[in-house]
There are 2 protein chains.
Amino acid sequence: MEIISGKWKCCIINRLANGAKRPSELHREFLDATPRVINQQLKELELHGIIKKEIFKELPPHSEYSLTEAGRTLLPLIAELEKWGAGYRPALKKILGLE
Amino acid sequence: MEIISGKWKCCIINRLANGAKRPSELHREFLDATPRVINQQLKELELHGIIKKEIFKELPPHSEYSLTEAGRTLLPLIAELEKWGAGYRPALKKILGLE
């Protein structure tokens, strides 16, 4: 569970499902998170072998993150978790008095 | 994801699958965690409607936690996550140089 524990990790994995992305692209996709938090979670996902980072030396130099094979095997699980979450959201809103 | 995000939440949910437990029983099951951390995660799970707390006034007074219906619907998902984790553990150990 620690591998996907972290507010943005599942979202990051989902975003990389359709192909590699630059850190700046990911920062723009998660405006509620600071770049520092996103970079920390990218580092942890990379450390755990879920994503890999490629550095392109051509000018301007840049890097891209993409899913590893192991990372791809998480996609169906994350989809199930999100389906559960979407189904539970109305009840949770009621419980938290957000409705 | 936030609902099960937290090092011990999935373990707590699993332990309650077989019936209600007192906080002290849960503290004994997770010796790697401080009672404060377990109590915090119990409070969050209760706030989110995943577990419920029952207080028994008889002497000595005590309380018990048990899964709500919503909590029970998480069990198959957690089982899938744990199966994925167990399958990935050897590769992760290699990646982290723990072998």
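Basis of the calculations
- Residues numbered from 1 in each chain as written.
- Chains lettered and ligands numbered in written order.
- Predicted model: local features only at pLDDT ≥ 70, side-chain atom pairs only at ≥ 80, totals over all residues.
- Heavy atoms only, no water.
- Phe/Tyr/Trp six-rings, centres within 6.5 Å; stacked < 30°, edge-to-face > 60°.
- Helix = DSSP H or I, 4+ residues; strand = E, 2+ residues; numbered from the N terminus.
- Buried < 20%, exposed > 50% of the residue type's maximum accessible area, 1.4 Å probe, protein only.
- Salt bridge = Lys/Arg side-chain N within 4 Å of Asp/Glu carboxyl O.
- Pairing = 2+ DSSP bridges.
- Expected span 1.5 Å × (residues − 1).
- Bend = angle between axes of the 7 residues up to and from the residue.
- Contact = heavy atoms within 4.5 Å.
- Core = buried A, V, L, I, M, F, W, Y, C linked by side-chain atoms within 4.5 Å.
- Patch = residues over 30% accessible without salt bridge, like charges linked within 9 Å, V, L, I, M, F, W, Y side chains within 5 Å.
- Areas by Shrake-Rupley, 256 points an atom, 1.4 Å probe, with all protein chains shown as cover.
- Axes fitted to C-alpha atoms, helices over the stretch in contact; angles between N-to-C directions.
- Parallel < 35°, antiparallel > 145°, perpendicular 65-115°, else oblique.
- Nonpolar A, V, L, I, M, F, W, Y, C, P; charged D, E, K, R; others polar.
- Polar contact = N/O pair within 3.5 Å; in protein donor to acceptor, adjacent residues only side chain to side chain.
- Least-squares fit on C-alpha atoms with pLDDT ≥ 70 in both.

A. Spotlight on the packing of aromatic side chains. All names here are of chain B. Tallied over the entire structure, the rule returns 4 aromatic pairs over all chains. Judged by centre distance (5.5 Å) and plane angle (45°), the rings of Trp 8 and Phe 30 are tilted. Of this pair, Trp 8 sits in the segment before helix H1 (9-15) while Phe 30 sits in the loop between helix H2 (23-29) and helix H3 (35-47), placing them 22 residues apart in sequence. Each member of the pair, Trp 8 together with Phe 30, is buried.

B. Representation of the pattern of salt bridges within the structure. Residue and element names in this part refer to chain A. On inspection of all chains with the given rule, the structure shows 8 salt bridges over all chains. Lys 9 is the partner of Glu 44 in a salt bridge, and the nearest nitrogen-oxygen pair spans 2.5 Å. Of the two residues, Glu 44 is situated in helix H3 (residues 35-47) and Lys 9 in helix H1 (residues 9-15); the sequence distance between them amounts to 35 residues. The partner of Lys 83 in a salt bridge is Glu 80, and the shortest N-O contact between them spans 3.6 Å.

C. Spatial organisation of the pairing of strand S2 (residues 62-67) of chain B. Residues and elements named next belong to chain B. The element S2 is largely enclosed, with a buried count of 5 among its 6 residues. Direction of pairing for strand S1 (residues 51-56) relative to S2: antiparallel, over a ladder of 6 bridges. From the neighbouring strand, Ile 55 faces S2, where its bridge partner is Ser 63. The hairpin formed by S1 and S2 contains 5 residues between the paired strands.

D. Structural detail: helix H5 (residues 75-95) of chain A. Here H5(A) is 21 residues long and its end C-alpha atoms lie 29 Å apart, about the 30 Å a rise of 1.5 Å per residue gives. Where H5(A) bends most, at Arg89(A), the angle is about 45°, and the proline Pro90(A) comes one to four residues later. Taken as a whole, H5(A) has its buried residues at Leu75(A), Leu77(A), Ile78(A), Leu81(A), Trp84(A), Gly85(A), Tyr88(A) and Leu92(A). Of the surrounding secondary structure, the elements contacted by the buried residues of H5(A) are H1, strand S2 (62-67) and helix H4 (69-73) of chain A together with helix H4 (69-95) of chain B. Directly after H5(A), the chain includes Gly97(A), whose backbone phi takes a positive value near 70°.

E. Looking closely at the nonpolar core. Ile13(A), Ile50(A), Leu74(A), Ile13(B), Ile50(B) and Leu74(B) are the most contacted members of the largest nonpolar core, which totals 52 residues. Listing elements by their share of this core, those giving two or more residues are H1, H3, S2 and H5 of chain A together with H1, H3, S2 and H4 of chain B. In contact with Leu74(A), not counting residues within four places along its chain, are Ile3(A), Ile4(A), Ile13(A), Ile50(A) and Trp84(B).

F. Spotlight on a nonpolar patch on the surface. Taken together, the side chains of Leu47(A), Ile95(B), Leu96(B) and Leu98(B) present a nonpolar region at the surface, about 370 Å² in accessible area. One can find Leu98(B) in the segment after H4.

G. Examining the packing of H5(A) against H4(B) more closely. Running from N to C, H5(A) and H4(B) cross one another at 170°; their axes reach a closest spacing of 10 Å. With respect to their mutual orientation, H5(A) and H4(B) come out roughly antiparallel. Side by side, H5(A) and H4(B) meet where Leu77(A), Glu80(A), Leu81(A), Trp84(A) and Tyr88(A) of the first sit next to Ala70(B), Thr73(B), Leu74(B), Leu77(B), Glu80(B), Leu81(B) and Trp84(B) of the second. Class assignment of the residues belonging to the contact of H5(A) with H4(B) gives a composition of 9 nonpolar, 1 polar and 2 charged.

H. The interface of chain B and chain A, seen in detail. Facing 23 residues of chain B, the contacting portion of chain A comprises 23 residues. For the interface between chain B and chain A, the tally reads 0 salt bridges. Applying the counting criterion to the chain B and chain A interface returns 6 residue pairs in polar contact (both at pLDDT 80 or more). For the side of chain B that touches chain A, the leading source of residues is H4(B), giving 10 residues.

I. Spatial organisation of the relation of the copies chain B and chain A. Under the fitted operation, chain B is carried onto chain A by 0.0 Å of movement along the axis and a turn of 180°, and the coordinates agree to an RMSD of 0.0 Å. Here the copies are linked by what is in effect a two-fold axis. Residues of chain B ranked by C-alpha distance from the rotation axis are headed by Ser5(B), positioned 2.6 Å from it. In this assembly, 100% of the residues forming the interface of chain B have copies in chain A that are likewise at the interface, indicating an isologous arrangement.

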